[in-house]
Amino acid sequence: MRATPRSFLAAFLAVLTSVVSAASPAQAARDRTLTWKPCVEDKTAQCASLRVPVDRAAPYGPSVTVALARRLATDPERRIGTLVVNPGGPGGSGVDFALDSPWFFSKAIRGRFDIVGFDPRGVARSNPVKCTAKLLVAGPPVLVASARRYDETIAYNRRLAADCARRTGAVFGHADTLSVVDDMDAVRAALGTETISYYGASYGTLLGAQYAERYPHRVRALVLDSVMDHSGDTGAFLDAETRAAQDSFNEFVAWCARNARCALHGRDVRAVWATLMNRARRGTLTDPFDPSYRLNLYDLLGVAFGSFYDPQWHTLAHFLKEASGPAGRRAREPLTDAEYSFPAVFCDDWALPVRGWNDLRDRLATLARGNPEMPVSPLAMTSVASCLGWPLPPDNPQRALATARTGPVLLINARHDPATPHVWAAETARQLGPKATLVTYEGWGHTVYGRSPCVTTLVDRYLLTVRPPAAGSSCPGVEPKPGGVGRRPSHAALLRRAANHAG
C-alpha cells in the first residue's frame with residue numbers, strides 16, 4: 001500500500017504522542033526554574049512553587065501547583081546537598097515541616113543540607129482536597145457497630161467523595177503516593193540537583209521507599225522513620241495496627257505501676273479503663289473537659305491512642321482519673337476547616353476490601369478477643385471505614401517493594417510504636433534486602449529521630465556519610481517526662497503540627 005502525506009503525518013503524531021506520554025517528571029521540569037521568595041509564614045525561609053501535570057500520562061492536561069519551602073544550609077562552604085523531608089499523614093505538610101526544621105533536625109544536619117519540604121498534591125498549599133464542612137461533621141460513627149451503620153457508612157463515603165471531587169477539581173482521584181513520587185522527582189529536577197537525600201516519617205516512609213524504587217539513581221541517602229509496610233491485606237493491616245495499640249496500652253499500664261507520678265499509681269488501671277469503656281458503650285461517659293459532650297467508645301480509644309504518640313502517659317493518667325470523677329468546664333473547639341485529604345490519599349493507596357457487614361463484624365470481634373483494652377486501633381478503624389464503598393479504585397494498591405537498587409537505606413522504628421508497628425519496619429527491611437539496615441529504638445512513641453542522643457547520632461552520621469550503623473543496632477528507650485520526650489516542643493509534636501492537614 002502506498003503511503004500518503006496524511007498517513008506519514010498520522011504515524012509521526014502517534015510516535016510523538018507516545019514519546020510525550022512517557023516523558024519523565026524530570027524532563028517535564030528540566031527547563032523550569034524555581035523563583036524563591038521569603039515565605040509568608042516565616043521570612044527567614046524561602047518559598048516557591050512548581051506546576052506539574054495532574055496525570056503523568058497526560059502532560060498537557062490539567063496541572064497542579066506544588067508549594068515548596070527551603071531553609072538553606074547554615075554552613076554553605078561545607079554543604080553536602082539537599083535533604084527533602086516529609087512528615088507523613090497522609091496529608092501532612094512538607095512546607096510546615098521545612099519551616100519547623102530548626103527545632104527538629106540537629107545543628108549538624110542543618111549546617112550541611114538545604115532542607116526542602118513540599119506539600120503533596122491535594123494537601124495544604126498544593127490544591128488541597130476540599131469538602132463541605134457540614135458534610136464532614138455529619139458522618140456516621142467511625143466505629144461501625146451494625147448492619148444499618150455499615151450501609152450508612154458506604155452511602156456517606158460515596159456522597160463525600162462526590163462532594164470533595166466537585167470542590168477539589170482534577171487532582172481528586174490523582175492523589176496517590178506514586179503520583180507524589182513523580183512530583184518529588186520534578187522538584188528534584190527543578191532544584192537542579194542530580195541526587196537528593198530524604199527523611200520521611202510515618203506515611204512519608206511510603207513516599208521515600210517508592211521514590212527510591214522508581215528513581216534509585218536519584219537517591220543519595222534514605223531515612224525511613226516509623227515505617228509503613230505497604231504489602232498487607234485487610235486482615236494483616238487491622239491485626240498489626242490493633243496489636244500495636246494494645247501493646248502501647250500495656251506499656252502505659254506497666255509504667256503507671258512503677259512510677260509514683262502516675263495519677264493512677266497504686267490503682268488497677270485496667271479495671272478503671274474497663275469501667276470507662278462500659279460507660280462509653282452505654283453513652284454515659286462525660287468528657288471531663290466538656291460536660292455537654294458524651295464520649296463514645298471510639299472517642300475514648302482515640303484519647304488513649306493519641307496519647308501514645310509522644311507518649312503522654314502523665315496526661316492520659318490524669319484524663320482517666322478526671323473521667324472517672326466530676327466533669328470539668330473546658331470547651332471543645334468547633335470544626336472550621338473544610339480541607340480533608342485523608343480518604344482521597346489513603347483510599348488511592350490502599351485496597352482494604354470488606355465482604356459486607358458480617359465480615360466486618362467478625363473481624364472486629366476477633367480483634368477484640370485478642371486486644372481487650374484496645375479492641376481496635378482507632379487509626380486502623382478510621383482507615384478501613386473511610387474506604388468502605390469508596391467509588392474510585394486505588395491507583396497504588398499494596399504490593400511488596402522490590403529489592404533496593406540504591407546505596408544503603410536506614411530504617412528506624414520504636415519497639416513500642418502505636419501507629420507503625422515494629423514488625424512493619426522489619427518486614428519492609430526484609431523486602432528491601434541487604435541494602436537496608438534497621439535500627440530499633442527500644443522505647444515508646446511514634447517517630448524516633450530526636451528521642452535520644454543515641455538515635456540522633458546514628459541518623460546524623462548516616463546522613464552525613466551514607467555509612468549505615470552495624471546490623472542489629474539499637475538504642476535504649478527514654479521514659480517520657482510529664483510533657484513528652486526530648487526537646488520542647490517534642491519531635492512528635494512538631495510532626496503532628498506538620499501533619500495537621502491530614503484531617
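This one's a predicted model, so the numbers in the text were calculated from it and none came from an experiment. (Residues numbered from 1 in each chain as written. Predicted model: local features only at pLDDT ≥ 70, side-chain atom pairs only at ≥ 80, totals over all residues. Heavy atoms only, no water.)

**Thoughts on the sheet that holds strand β10 (residues 409-416)**
- Reading across the sheet, the ten strands line up as β1-β2-β3-β5-β4-β6-β7-β10-β11-β12 and stay open at both edges, with mixed pairing between neighbours. Each end of this open sheet is capped by a strand with a single partner; those strands are β1 (37-38) and β12 (474-476).
- Here strand β3 (residues 63-71) pairs with strand β5 (residues 113-118) via four bridges, running antiparallel. What sits directly across from Ala69, in β5, is Gly117. (Pairing = 2+ DSSP bridges. Helix = DSSP H or I, 4+ residues; strand = E, 2+ residues; numbered from the N terminus.)

**Examining the pairing of strand β11 (residues 436-444)**
- For β11, the tally of buried residues reaches eight of nine residues, placing the bulk of the element in the interior.
- Relative to β11, β10 runs parallel, the two being bridged by seven bridges. By the bridge assignment for β11, Ala414 is matched with Tyr441.
- Following the backbone out of β10, through helix α16 (residues 422-432) and into the adjacent parallel β11, one traces a crossover that is right-handed.
- The pairing of β11 with β12 spans three bridges and is parallel. Each residue of the ladder has a partner; that of Glu442, found in β12, is Pro476.
- Note that the unit made of β11, helix α17 (residues 453-465) and β12 has a crossover that is left-handed. (Buried < 20%, exposed > 50% of the residue type's maximum accessible area, 1.4 Å probe, protein only. Right-handed = clockwise from strand over helix to strand, strands pointing away.)

**With respect to the nonpolar core**
- In this structure, Phe252, Trp273 and Met374 are the most contacted members of the largest nonpolar core, which totals 74 residues.
- The dominant element in this core, judged by the number of residues it contributes, is helix α9 (residues 234-258), at nine residues.
- Every residue in contact with Phe252, bar those within four places of it in the chain, is listed here: Val269, Phe308, Trp313, Leu316, Ala317 and Leu320.
- One finds Phe104, Phe105, Ala414 and Val448 within the second-largest nonpolar core, a separate group that totals 65 residues. (Core = buried A, V, L, I, M, F, W, Y, C linked by side-chain atoms within 4.5 Å. Contact = heavy atoms within 4.5 Å.)

**Section: the state of the cysteines**
- Counted by the stated rule, this structure contains five disulfides.
- Between Cys131 and Cys164 runs a disulfide, and the two sulfur atoms are separated by 2.0 Å. Residues Cys131 and Cys164 share a disulfide whose torsion about the S-S bond is about 110°; that sign makes it right-handed. Pair noted here: Cys131 is in the loop between β5 and α5 (133-136) and Cys164 is in helix α6 (residues 147-168), with a separation of 33 residues, a long-range link. The burial state of Cys131 is the same as that of Cys164; both residues are buried.
- In this model Cys454 forms its disulfide with Cys475; the gap between the sulfur atoms is 2.0 Å. Here Cys454 and Cys475 share a disulfide; its torsion about the S-S bond, -75°, makes the bridge left-handed. Here Cys475 lies in strand β12 and Cys454 lies in helix α17, a separation of 21 residues in the sequence.
- According to the relative accessible area criterion, Cys454 is partly exposed, its value standing at 27%.
- Regarding the disulfides, the chain carries the connectivity 1-2, 3-4, 5-6, 7-8, 9-10 under sequence-order numbering of its bonded cysteines. (Disulfide = S-S within 2.5 Å.)

**Regarding the packing of aromatic side chains**
- Scanning all chains against the criterion turns up 24 aromatic pairs.
- Taken together, the ring pairs connect Tyr203, Phe237, Phe342, Phe346, Trp350 and Trp424 into an aromatic cluster.
- Of note, Arg70 hangs over the ring of Trp36, and the distance from its end group to the ring centre comes to 4.0 Å. (Phe/Tyr/Trp six-rings, centres within 6.5 Å; stacked < 30°, edge-to-face > 60°. Lys NZ or Arg CZ within 6 Å of the ring centre and 35° of its normal.)

**A word on empty space enclosed by the protein**
- Evaluated as defined, the whole model comprises six cavities of 30 Å³ or more.
- Computed from the structure, the largest cavity encloses a volume of approximately 140 Å³.
- Looking at the lining of the largest cavity residue by residue, the class counts come to eight nonpolar, six polar and one charged.
- Here the second largest cavity is characterised by a volume of approximately 100 Å³.
- Contributing to the lining of the second largest cavity are Ala209, Ala212, Glu213, Leu222, Leu401, Ala402, Thr403, Ala404, Arg405, Thr406, Val409 and Leu432.
- Among the elements that make up the lining of the second largest cavity, the one with the highest residue count is helix α8 (residues 204-214) (three residues). (1 Å grid on protein atoms, 1.4 Å probe; cavity = no way out; pocket = protein on both sides within 12 Å on 5 of 7 lines; lining within 4 Å. Points joined across faces, edges and corners; volume = space filled by probe spheres on them. Nonpolar A, V, L, I, M, F, W, Y, C, P; charged D, E, K, R; others polar.)

**Details of the side chain of Glu373**
- Its location among the elements puts Glu373 in the loop between α14 (356-370) and α15 (378-387).
- Engagement of the side chain of Glu373 in a polar contact is seen with the side chain of Gln246, the distance being 2.8 Å.
- In contact with Glu373, other than residues within four places in its own chain, are Gln246, Phe249, Asn250, Arg270, Trp273, Met277 and Leu301. (Polar contact = N/O pair within 3.5 Å; in protein donor to acceptor, adjacent residues only side chain to side chain.)

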